[in-house]
Structure formats: C-alpha cells, structure tokens
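Observations on chain architecture
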Amino acid sequence: MPRQRTNSDLDQYELAVDEIVAACDGDLRGALRALMLLNEQLEQRLALLSDVRPAQQRLH
C-alpha cells in the first residue's frame, strides 16, 4: 500500500516548484521545459546504469 503524503511532503513540493519557476524568471513554460529536459537526462543516466550493472555482476 502506498504511503500517504503528508502536508510537509506537499509543502516541500510547493517550495521546489516555486524555486524552479523563480529560476526561470517566472516563465512556467520555461520551467516545464527545464524539468522535461532534466527528466530526459535522468532517464538516460538510468538506462546507462542499467546497461552497466549486469556486466559488473558477471565479473564477480
């Protein structure tokens, strides 16, 4: 069963969103684009790590 989010968790997300939008000078479209690009980079890193892990396991 998934854990329910508390108000504290939600407050942290609100603060993070505010910081991201502020970093993009209040441009919501720019903030969304930045988040999408960051997500794409993280997905690429995860894919690379997933490719590397089985090879390392074979060596041991």
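The notes below deal with the structure included here. Owing to the predicted nature of the structure, the values given are computational and were not obtained by experimental measurement. (Residues numbered from 1 in each chain as written. Predicted model: local features only at pLDDT ≥ 70, side-chain atom pairs only at ≥ 80, totals over all residues. Heavy atoms only, no water.)

**Comments concerning the overall build of the chain**
Of regular secondary structure, the chain possesses 2 helices and 0 strands. Going through the 60 residues of the chain one by one, you find that 5% of them count as buried. About 6000 Å² of surface is accessible on the chain, with carbon and sulfur atoms providing 56% of the total. (Helix = DSSP H or I, 4+ residues; strand = E, 2+ residues; numbered from the N terminus. Buried < 20%, exposed > 50% of the residue type's maximum accessible area, 1.4 Å probe, protein only. Areas by Shrake-Rupley, 256 points an atom, 1.4 Å probe, with all protein chains shown as cover.)

**As for a negative patch on the surface**
Side chains of Asp-11, Glu-14, Asp-18 and Glu-19 sit close together on the surface and give a patch of like negative charge. Along the polypeptide, Glu-19 turns up in helix α1 (residues 7–23). Take Glu-19: its relative accessible area is 58%, and that puts it in the exposed class. (Patch = residues over 30% accessible without salt bridge, like charges linked within 9 Å, V, L, I, M, F, W, Y side chains within 5 Å. Salt bridge = Lys/Arg side-chain N within 4 Å of Asp/Glu carboxyl O. Lys, Arg positive; Asp, Glu negative; His and termini not counted. Charge placed at Lys NZ, Arg CZ, Asp CG, Glu CD.)

**Considering α1**
If you check α1, its first and last C-alpha atoms are 24 Å apart, about what 17 residues at 1.5 Å a residue would give, namely 24 Å. Of the residues flanking the end of α1, it is Asp-25, one or two places downstream, whose phi is positive at about 55°. (Expected span 1.5 Å × (residues − 1).)

**Things to note about unusual backbone geometry**
Non-glycine residue Asp-25 carries a positive phi angle of around 55°. On the basis of relative accessibility, which here comes to 75%, the residue Asp-25 falls in the exposed class.

**Regarding a nonpolar patch on the surface**
Together, Leu-35, Leu-38 and Leu-42 make up an exposed nonpolar region whose accessible area comes to about 250 Å². For Leu-42, the location among the structural elements is in helix α2 (residues 28–59).

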